[in-house]
Amino acid sequence: MSFRSPTLAAFTAPLPTLFPFLLLCLASAANGASAVPPPLAKFVDETESSGLQSRYDGEWEYMVGGGTGVFDCDGDGLPEVVTAGGVNKSRFFHNRSAKGAAIKLQEERVGLEFTGVTGLYPIDIDGDGITDLVLLRVGENIAMRGLGQCKFERANEKWSFAGGNAWSTSFSATWLQGDNWPTLAVGNYIDRRRTDFPWGSCTENQLIRPKDGGGFAVAEPLKPSFCTLSMLFSDWDRSGNPALRISNDREYYKGGQEQLWRVEAGKAAHAYTADEGWKPLQIWGMGIASADIDGSGYPSYFLTSMADNKLQMLEGGPGKPSYKDGAYDRGVTAHRPFSGGDVHPSTAWHAQFADVNNDSYNDLFIVKGNVASMAEFAAVDPNNLLLGAANGRFTESAEAANVISGRRGRGGMLTDLNGDGLLDMVVINRWDKAQLWRNVGAGTAAAPAPLGHWLQVRLQQEGGNRDAIGAWLEVDVDGRVLRQEHTIGGGHASGHLGWMHVGIGKAKSAKLRVIWPGKQAGPWVKVEADQFLQVDRQQGIKRWTAAQP
């Protein structure tokens, strides 16, 4: 099979178009500069010893996707890991790690074993307090209802969830005001029947709203759709009404662009236009990461692509969705490999903002890898681990942190797998084994050592939206407020539900509050560092400890 036709296109821009890329190459060293280097988090490769044995295989229909779902399904505070397998079956790994020790995962059969899976997103759909899971597939998507103790059953028929028969590659969910069940968005890629000429054959995305009494209504097509690879419901203007940001692959659409849809209860979805402030942007859109990286109170959005990536930052305030690109200024274009000597453009997929060194500044994790064997793009394209600093810039640390990898990466996740307050790393690779690295902070595998202090927070409230999706967590560290939006979606085919991790640096205590869905602000509460906290909208805040067996 030729990978020229049924894959992402080669970088064949005319010379004038290449000038910005060449300038980025010349400036890459300067972009990574920081006056005070951030503290380095060190990692150890525990892929083999952890028991993570999974591969994402398949040809054309599996050139995209390849995600992981991370969530706690047994109540011990440690997240389990589910991996997409492509033509192989998806796999569930029960987390058996001891606190602060080496990662130990045990594969179990729990009802999630399906072929054709491209992505996985945990979500409590029916509001029973037990995490469910949406499996994106080449073919019918499946909603799996959690039964407790890490057991699951198919719920498509029970919930009137129409799984379709498309090539699904992205997902997001939110609870609109007044709804007890979520509104779901499913992103679809190209018409997989059009192998001879796939260009212009984008399959319609689906908006799936709840119906009265529970379950879902008939899916609504989001027209136009432009071969979507990532989507995220996010409250871009802090109005309390999340909009749906969609990242699309320019290779296969005709006349398309990145999109932002206004989605409100009882109203037809509306795509923002140039007249409303939305600036057309065309990229090979593959993943979305969001965070308030500049302290403005509004989320910025990192969009992965081929060659230079984009950092969309709100300009002019919340009156209109007008964004400027801040990737070059902040050193996160990540447009070519930083190691190995290959000067060809990079191919980026999953992205995630998180604080791996607990210094209170967002870091940026980017999973990379060639689509297949495209000669015009880097063959060995290591993942990025960019450390944020007080000056707002990022510096590359992946090689020094010992997480260098030259495989064809796709999905991934930063998550605390052993309950020590340090975020570990999982990466899913195409045509290769998944990988796992344990974060040992400033120490070693035998003697991990903390870098800074941290908090991990789990939100809860009464009603259907039990996990308070759409809330904002605010943490005041010596007068500087850190903010995280609680969302489901984004990344590349990879989802997380559970603890919200916040690094607080040298501070031994902080104040926190929650802006709950509906924009109701909770009180500021002082808390001590280095603990797990459960914040309940009705009952307040308490320290969380695992139940003794």
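Residues numbered from 1 in each chain as written. Predicted model: local features only at pLDDT ≥ 70, side-chain atom pairs only at ≥ 80, totals over all residues. Heavy atoms only, no water.

### Looking at the overall build of the protein chain
Alright, step 1. Looking only at helices and strands, the protein chain features 4 helices and 39 strands.
Alright, step 2. Here the protein chain has a C-alpha radius of gyration of 21 Å; the compact-globule value for 549 residues is 24 Å, and the two agree.
Alright, step 3. A principal-axis box enclosing the C-alpha atoms of the protein chain has dimensions of 60 × 55 × 50 Å.
Alright, step 4. Taking all 549 residues of the protein chain together, 62% fall into the buried category.
Alright, step 5. The contacts in the protein chain between residues at least 6 apart in sequence include a share of 61% that link residues at least 24 apart.
Alright, step 6. Surface exposure of the protein chain reaches about 19,800 Å², of which carbon and sulfur atoms provide 50%.
Alright, step 7. Separation of charge centres in the protein chain, based on 53 positive and 61 negative side chains, amounts to 1 Å. (Helix = DSSP H or I, 4+ residues; strand = E, 2+ residues; numbered from the N terminus. Rg over C-alpha atoms; globule rule 2.2 N^0.38 Å. Buried < 20%, exposed > 50% of the residue type's maximum accessible area, 1.4 Å probe, protein only. Contact = heavy atoms within 4.5 Å. Areas by Shrake-Rupley, 256 points an atom, 1.4 Å probe, with all protein chains shown as cover. Lys, Arg positive; Asp, Glu negative; His and termini not counted. Charge placed at Lys NZ, Arg CZ, Asp CG, Glu CD.)

### Overview of the pairing of strand S39 (residues 540–543)
Alright, step 1. For strand S38 (residues 531–536) and S39, the ladder comprises 4 bridges, and the chain directions are antiparallel. Opposite Val535, over in S39, you have Ile541 as the bridge partner.
Alright, step 2. Connecting S38 to the antiparallel partner S39 that follows it, the hairpin turn spans 3 residues. (Pairing = 2+ DSSP bridges.)

### Some points on the pattern of salt bridges
Alright, step 1. Under the defined criterion, the tally for this structure stands at 24 salt bridges.
Alright, step 2. When the shortest N-O distance is used, the salt bridge between Glu46 and Arg438 registers 2.7 Å. With a gap of 392 residues between them, Glu46 in the loop between strand S1 (42–45) and helix H2 (47–50) and Arg438 in strand S28 (residues 435–441) connect regions that are remote in the sequence. Here Glu46 matches Arg438 in class, with each residue buried.
Alright, step 3. A salt bridge links Arg513 to Glu474, with the shortest nitrogen-to-oxygen separation between them at 2.8 Å. (Salt bridge = Lys/Arg side-chain N within 4 Å of Asp/Glu carboxyl O.)

### What to know about the state of the cysteines
Alright, step 1. Under the defined criterion, the tally for this structure stands at 2 disulfides.
Alright, step 2. Between the sulfur atoms of Cys73 and its disulfide mate Cys150 the distance is 2.0 Å. The disulfide joining Cys73 to Cys150 has a torsion of about 100° about its S-S bond and is therefore right-handed. Taken together, the residues span a long stretch of sequence, with Cys73 in the loop between strand S2 (68–71) and strand S3 (80–83) and Cys150 in the loop between strand S8 (142–148) and strand S9 (151–154) at a distance of 77 residues. Take Cys73 and Cys150: they sit in the same class, and that class is buried.
Alright, step 3. Sulfur-sulfur distance for the disulfide between Cys202 and Cys227 comes to 2.0 Å. (Disulfide = S-S within 2.5 Å.)

### Describing the environment of Val477
Alright, step 1. Locating Val477 in the fold gives a position in strand S30 (residues 472–477).
Alright, step 2. In the structure, Val477 is positioned 28 residues away from Gly505 in sequence and 8.6 Å away in space, judged by C-alpha atoms.
Alright, step 3. When sequence neighbours within four positions are dropped, the list of residues in contact with Val477 reads Leu482, Ile504, Ala507 and Ala510.

### With respect to the pairing of strand S4 (residues 91–95)
Alright, step 1. A large share of S4 lies buried, amounting to 4 of its 5 residues.
Alright, step 2. Across 3 bridges, the pairing between S3 and S4 is antiparallel. Residue Thr83 lies in a different strand from S4, and its bridge partner there is Arg91.
Alright, step 3. Where S4 lies against strand S5 (residues 105–108), 4 bridges are found, and the strand directions are antiparallel. Across the sheet, residue His94 finds its bridge partner in S5, namely Gln106.

### Some remarks on the sheet that holds strand S33 (residues 495–497)
Alright, step 1. In spatial order, the strands read S5-S4-S3-S2-S33; together these 5 strands make up an open sheet with mixed pairing. Taken across any chain shown, the strands that pair with only one partner, and hence form the sheet edges, are S5 and S33. The average angle at which neighbouring strand axes cross in this sheet is 20°, direction not considered. (Axes fitted to C-alpha atoms, helices over the stretch in contact; angles between N-to-C directions.)

### A look at the packing of aromatic side chains
Alright, step 1. Under the counting rule described, the total for this entry stands at 20 aromatic pairs.
Alright, step 2. Centroid distance Tyr301 to Tyr323: 6.0 Å. Interplanar angle 70°. Geometry classified as edge-to-face. Separated by 22 residues along the polypeptide, Tyr301 in strand S19 (residues 300–304) and Tyr323 in strand S21 (residues 323–325) bring together distant segments of the chain. For the pair Tyr301 and Tyr323, one class covers both residues: buried.
Alright, step 3. Taken together, the ring pairs connect Trp60, Trp167, Tyr189, Phe197, Trp199 and Tyr252 into an aromatic cluster.
Alright, step 4. One cation-aromatic arrangement involves Arg238 over Trp472; the distance from NZ or CZ to the ring centre is 3.9 Å.
Alright, step 5. The aromatic ring of Trp524 is capped on one face by Lys511, whose charged end is 6.0 Å from the ring centroid. (Phe/Tyr/Trp six-rings, centres within 6.5 Å; stacked < 30°, edge-to-face > 60°. Lys NZ or Arg CZ within 6 Å of the ring centre and 35° of its normal.)

### Side note on the nonpolar core
Alright, step 1. Among the nonpolar cores identified, the biggest contains 47 residues, and Met63, Leu112, Leu133, Trp167 and Tyr189 are the most heavily contacted of them.
Alright, step 2. Elements with a contribution of two residues or more to this core: S3, S4, strand S6 (117–123), strand S7 (132–139), S8 and strand S27 (424–429).
Alright, step 3. If one sorts the elements of this core by residue count, S7 sits on top with 3 residues.
Alright, step 4. Excluding its chain neighbours within four sequence positions, the residues that come into contact with Leu133 are Phe71, Val82, Leu112, Leu120, Tyr121, Pro122, Ile123, Ile142, Ala143 and Met144. (Core = buried A, V, L, I, M, F, W, Y, C linked by side-chain atoms within 4.5 Å.)

### Section: unusual backbone geometry
Alright, step 1. Each neighbour pair has its own omega, and for Lys223 with Pro224 the value is 0°, a cis peptide bond.
Alright, step 2. Phi at Ser160 is positive, roughly 55°, even though this residue is not glycine.
Alright, step 3. Its place among the elements puts Ser160 in the loop between S9 and strand S10 (166–174).
Alright, step 4. We classify Ser160 as partly exposed; its relative accessible area is 34%.
Alright, step 5. One non-glycine residue, Asp530, lies in the positive phi region at around 60°.
Alright, step 6. Along the polypeptide, Asp530 turns up in the loop between strand S37 (525–528) and S38.
Alright, step 7. Residue classification places Asp530 among the partly exposed residues on the basis of a relative accessible area of 32%.

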